[in-house]
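# Chain and residue survey
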Amino acid sequence: MKTLLLNKTIQFVKEKLDGAEAGHDWFHIERVYKTALTINAQEEGDELTVIMAALLHDIADSKFHNGDEELGPVIAGNFLKSLGLAPDFILHVQNIIRNLSYKASLDQVTFQSKELDIVQDADRLDAIGAIGIARAFTYGGYKNRLMYDPAQPPVKHIDKESYKKSEAPTINHFYEKLLLLKDLMKTSTGKQMAAQRHQFMELYLEQFYGEWSGEK
């Protein structure tokens, strides 16, 4: 039964994300799914909830849908209902999707579960390290943003709206989000995995500034 649900969900997600921006495409989903399973093997959440939430978490990312933050949970809910899954299970997955993103953490979060922590850590791990760097510059290019501008220093986003409105250079995104994620990991497994990826980003930035200044 689980294999059938998994195969149907993978097919559905691949179809919905066909042609998506490269940092938020099927391959992003696949990485988060695999990482979530790795974390769950140690953290022991409900596996089916973790699987479905990981696979459906970016089915309609609000930044690609005019800021609509309910579209993703609605699409996911309708799909899970078509599979005949229980209403409580569906609501749990929807609530994970609603509360997963970094910008959601800048607002008041009233929902919590072990499965949310697991999938959230997996998603955040894909935002840091070597792949996180690649995704940041891919999205920056997609939005035609500068790589770096020394005259535009990073800012601290105190709420979700200021974060959503940011059009800063990609390097600023490291300080405004990516370098903060290590200390926001919820699971012990996620924290361990984040440490090396965080260090890699620090080394990358050191190299970046050295090359920018012509010193390396």
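From a predicted model like this one, the values you see are computed outputs, not experimental measurements.

### Some remarks on the packing of helix H2 (residues 26–43) against helix H11 (residues 188–212)
Interaxial distance between H2 and H11 falls to 8 Å at its minimum, and their mutual angle equals 130 degrees. By the angle between their directions, the pair H2 and H11 is classed as oblique. Contacts between H2 and H11 involve Thr-35, Ile-39, Gln-42 and Glu-43 from the first element and Ser-188, Thr-189, Gly-190 and Met-193 from the second. In terms of residue class, the contact of H2 with H11 is made up of two nonpolar, five polar and one charged.

### Some words on the side chain of Asp-121
By the secondary structure assignment, Asp-121 is in helix H7 (residues 114–125). No salt bridge is formed by the buried Asp-121, whose closest oppositely charged neighbour, Arg-124, lies at an N-O distance of 5.2 Å. In terms of polar contacts, Asp-121 uses its side chain to reach the backbone amide nitrogen of Lys-186, at 2.9 Å. Not counting residues up to four positions away in its chain, the partners in contact with Asp-121 are Ile-39, Leu-184, Met-185, Lys-186, Thr-187 and Gly-190.

### Looking at the nonpolar core
By size, the foremost hydrophobic cluster in this structure holds 57 residues, and its most contacted members are Leu-56, Leu-80 and Phe-174. Aside from chain neighbours lying at most four places away, what touches Leu-80 is Met-52, Leu-56, Leu-85, Ile-90 and Val-93.

### Some words on the packing of H2 against H7
In the contact formed by H2 and H7, the axes pass within 8 Å of each other and the chain directions differ by 130 degrees. In terms of their interaxial angle, H2 and H7 are classed as oblique. The two elements H2 and H7 meet at a crossing, and its hand is right-handed. Facing His-28, Val-32, Thr-35, Ala-36, Ile-39, Asn-40 and Glu-43 of H2, the residues of H7 in contact are Lys-114, Ile-118, Val-119, Asp-121, Ala-122, Asp-123 and Leu-125.

### Looking at the pattern of salt bridges
Tallying each qualifying case throughout the model produces six salt bridges. A salt bridge links Lys-34 to Glu-30, with the nearest nitrogen and oxygen atoms 3.8 Å apart. On the criterion of helical spacing, the pair formed by Lys-34 and Glu-30 is a turn pair, its members being four residues apart in helix H2. Given the relative accessible area of 49%, Lys-34 is considered partly exposed. A salt bridge links Lys-182 to Asp-183, with the shortest nitrogen-to-oxygen separation between them at 3.1 Å. Take Lys-182: its relative accessible area is 27%, and that puts it in the partly exposed class. Here the salt bridges do not stand alone but share partners, grouping Arg-31, Asp-126 and Arg-135 into one network.

### Quick look at the environment of Ala-168
Its place among the elements puts Ala-168 in the loop between helix H9 (160–165) and helix H10 (170–176). Apart from residues no more than four positions distant in its own chain, Ala-168 is found in contact with Arg-145 and Glu-176.

### Some details on the environment of Thr-35
Here Thr-35 shows up in helix H2. Note on Thr-35: relative accessible area 13%, which makes it buried. Between the alpha carbons of Thr-35 and Met-193 there is a distance of 9.8 Å; along the sequence they are 158 residues apart. Not counting residues within four places of it along the chain, the set of residues in contact with Thr-35 comprises Ala-122, Leu-125 and Met-193.

Calculation criteria
- Residues numbered from 1 in each chain as written.
- Predicted model: local features only at pLDDT ≥ 70, side-chain atom pairs only at ≥ 80, totals over all residues.
- Heavy atoms only, no water.
- Axes fitted to C-alpha atoms, helices over the stretch in contact; angles between N-to-C directions.
- Helix = DSSP H or I, 4+ residues; strand = E, 2+ residues; numbered from the N terminus.
- Parallel < 35°, antiparallel > 145°, perpendicular 65-115°, else oblique.
- Contact = heavy atoms within 4.5 Å.
- Nonpolar A, V, L, I, M, F, W, Y, C, P; charged D, E, K, R; others polar.
- Buried < 20%, exposed > 50% of the residue type's maximum accessible area, 1.4 Å probe, protein only.
- Lys, Arg positive; Asp, Glu negative; His and termini not counted.
- Salt bridge = Lys/Arg side-chain N within 4 Å of Asp/Glu carboxyl O.
- Polar contact = N/O pair within 3.5 Å; in protein donor to acceptor, adjacent residues only side chain to side chain.
- Core = buried A, V, L, I, M, F, W, Y, C linked by side-chain atoms within 4.5 Å.
- Left-handed = near helix turned anticlockwise from the far one by under 90°.

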